[in-house]
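These are the residues of each chain, in order.
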Amino acid sequence: MKQYLALCERIINEGVWVENERTGKRCLTVINADLEYDVAANEFPLITTRKSFWKGAIAELLGYLRGYDNAADFRKLGAKTWDANANENSVWLNNPHRKGHDDMGRVYGVQGRAWAKPDGGTVDQLRKIIDNLSKGVDDRGEILSFYNPGEFHMGCLRPCMHTHNFSLLGDTLYLNSFQRSCDVPLGLNFNQVQVFALLAIVAQITGHKPGKAYHKIVNAHIYEDQLPLMQDVQLKREPFPSPKLSINPDIKSLEDLETWVTMDDFEVTGYQHHEAIQYPFSV
Ligand SMILES: Nc1nc(=O)c2c([nH]1)NC[C@@H]1CN(c3ccc(C(=O)N[C@@H](CCC(=O)O)C(=O)O)cc3)CN21
Ligand SMILES: O=c1ccn([C@H]2C[C@H](O)[C@@H](COP(=O)(O)O)O2)c(=O)[nH]1
């Protein structure tokens, strides 16, 4: 929690105002932030200075791992987070590749599970990673990448957290996650949970101990209409200790994640938090 608050303070103290054409809003921005999560110690990085709806974050992650391309499928899992980008941005609404209401196009998990090959067929990046790690193999290229510039025109948004690189040292699994753009009040609240949960879940289904997860953010920003709530409300509050995440131990494979897992298979204990804050969302 300390590193999150330190990043917010840094944006306020050192940030530079940048105009953003896509949203039409200005953002107070810093470049480069390195966050670290101790998954081995189960220090779940849930924001405590406001109520965080962590189930939405894990639901969104599960949707990516399943390769979903439709906001309705995310909603069924418990994440409403893609409704606006799929249905309210005029550039995407007028895109000829959009396949109707709730379609997100070829984003995130579609690339992770079905990256189109120029010579036909698709690559399932996640399947390969899980198969290798389960055999104890780290080929120094255990990379799940959602970033496919050749298909940006076929999706509603370029991926923000775009690459997850797994590594094995003995029987301990590590994760480095890379994010090009981060809405610190709203997005990071979810992204911290996702990086942590991704390492915990993949360690569990491949039979390894989780180690640390390292989260690199390039452009970290606060939108102009979020700034007063961050500065005058959230940053005035004292954080509470980290809660713990538990995952149903019956989840043992990628197939389990694809077929029967729901948000009931995840539980957070010891979550003390301040009141919710409703930050404005920019589409
Ligand atoms: N401007 C912007 N910021 C983002 O963080 C973001 C995007 N766009 N577009 C794509 C995804 C969608 N994400 C989202 C979307 C909405 C919330 C949100 O409204 N969160 C609420 C609670 C939502 C709930 O009830 O589950 C929050 O208070 O954190 C969070 C992340 C993250 N991403
Ligand atoms: O997981 C996510 C997804 C999105 N965001 C934020 C970061 C930006 O504020 C917008 C995306 O806008 P771009 O113009 O494509 O950078 O969404 C996030 O923080 N986390």
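Before reading further, recall that the structure is shown in the block above.
Residues numbered from 1 in each chain as written. Chains lettered and ligands numbered in written order. Predicted model: local features only at pLDDT ≥ 70, side-chain atom pairs only at ≥ 80, totals over all residues. Heavy atoms only, no water.

A. Spotlight on the site of ligand 2. Around ligand 2, the surrounding shell holds 14 residues, and the nearest of these are Arg22, Ser181, Asp183, His221 and Tyr223. Within the backbone of Asp183, an N or O atom sits 2.8 Å from an oxygen atom of ligand 2. At 2.6 Å, a side-chain N or O of Tyr223 approaches an oxygen atom of ligand 2. In the complex, the protein chains occlude 87% of the 460 Å² of accessible area that ligand 2 would expose alone. Elements that contribute at least two residues to the shell around ligand 2 include exactly strand E7 (172–183), helix H8 (187–206) and strand E8 (209–223). (Near = heavy atom within 4 Å. Polar contact = N/O pair within 3.5 Å; in protein donor to acceptor, adjacent residues only side chain to side chain. Areas by Shrake-Rupley, 256 points an atom, 1.4 Å probe, with all protein chains shown as cover. Helix = DSSP H or I, 4+ residues; strand = E, 2+ residues; numbered from the N terminus.)

B. Up close: empty space enclosed by the protein. Following the criterion strictly, the structure yields 3 cavities of 30 Å³ or more and no others. For the largest cavity, the calculated volume is near 60 Å³. Classifying every residue of the lining of the largest cavity by side-chain character gives 6 nonpolar, 3 polar and 3 charged. (1 Å grid on protein atoms, 1.4 Å probe; cavity = no way out; pocket = protein on both sides within 12 Å on 5 of 7 lines; lining within 4 Å. Points joined across faces, edges and corners; volume = space filled by probe spheres on them. Nonpolar A, V, L, I, M, F, W, Y, C, P; charged D, E, K, R; others polar.)

C. Focus on helix H1 (residues 2–14). If you check H1, its first and last C-alpha atoms are 18 Å apart, about what 13 residues at 1.5 Å a residue would give, namely 18 Å. Every buried residue belonging to H1 is among Tyr4, Leu5, Leu7, Cys8, Ile11 and Ile12, and all of these are buried. Taken down its axis, H1 places every buried residue within 160° of arc, on the same side. More than 90 degrees from the buried face of H1, the exposed residues found are Lys2, Asn13 and Glu14. In the core, the buried residues of H1 are packed alongside strand E2 (25–38), H8, E8 and helix H9 (227–232). (Expected span 1.5 Å × (residues − 1). Buried < 20%, exposed > 50% of the residue type's maximum accessible area, 1.4 Å probe, protein only. Arc of directions from axis to C-beta. Contact = heavy atoms within 4.5 Å.)

D. Spotlight on the packing of helix H2 (residues 54–66) against H8. At their nearest, the axes of H2 and H8 sit 9 Å apart, and the two run at 55° to each other. Taken as axis vectors, H2 and H8 run oblique relative to one another. Seen along the crossing, H2 lies across H8 with a hand that is right-handed. For the pair formed by H2 and H8, the contact residues are Trp54, Gly56, Ala57, Ile58, Glu60, Leu61 and Leu65 on the first element and Phe190, Val193, Gln194, Ala197, Leu198 and Ile201 on the second. Class assignment of the residues belonging to the contact of H2 with H8 gives a composition of 10 nonpolar, 2 polar and 1 charged. (Axes fitted to C-alpha atoms, helices over the stretch in contact; angles between N-to-C directions. Parallel < 35°, antiparallel > 145°, perpendicular 65-115°, else oblique. Left-handed = near helix turned anticlockwise from the far one by under 90°.)

E. Structural detail: the nonpolar core. If you look at the biggest cluster of nonpolar residues, it comprises 82 residues, and the most contacted ones within it are Trp82, Val184, Leu257 and Phe266. With 13 residues, the top contributor of residues to this core is H8. With residues up to four places along the chain from it excluded, the contact list for Val184 reads Tyr4, Leu7, Cys8, Ile11, Asn189, Ala220, His221 and Ile222. (Core = buried A, V, L, I, M, F, W, Y, C linked by side-chain atoms within 4.5 Å.)

F. Spatial organisation of the sheet that holds strand E1 (residues 16–20). Pairing in this open sheet of 6 strands is mixed, and the strands run E1-E2-E8-E7-E6-E5 from one edge to the other. In the strand order of this sheet, the two ends are held by E1 and strand E5 (142–145), each with one partner. Averaged over all neighbouring strand pairs, the angle between strand axes comes to 25°, with direction disregarded. Both E7 and E8 contribute to a ladder of 10 bridges, which runs parallel. Looking across to E8, one finds that Ser177 is bridged to His215. Where helix H7 (residues 125–134) meets the sheet, it contacts E5, strand E6 (161–169) and E7, and its direction lies at approximately 160° from that of E5. Docked against the sheet, H8 engages E2, E6, E7 and E8, running at close to 160° with respect to E7. (Pairing = 2+ DSSP bridges.)

G. Representation of the pattern of salt bridges in the model. Counted according to the given criterion, the structure contains 18 salt bridges. Between Glu36 and Lys212 there is a salt bridge, with the nearest N and O atoms lying 3.2 Å from each other. Taken together, the residues Glu36 in strand E2 and Lys212 in strand E8 connect sequence positions 176 residues apart. We classify Lys212 as partly exposed; its relative accessible area is 29%. In this structure, Asp69 engages Lys99 in a salt bridge whose closest nitrogen and oxygen atoms are separated by 3.5 Å. Of this pair, Asp69 sits in the loop between H2 and helix H3 (71–77) while Lys99 sits in the loop between helix H5 (90–93) and helix H6 (109–114); the two residues are 30 residues apart in sequence, bridging distant segments of the chain. With a relative accessible area of 61%, Lys99 lands in the exposed category. Here the salt bridges share partners, and the residues they tie into one network are Asp69, Lys99 and Asp103. (Salt bridge = Lys/Arg side-chain N within 4 Å of Asp/Glu carboxyl O.)

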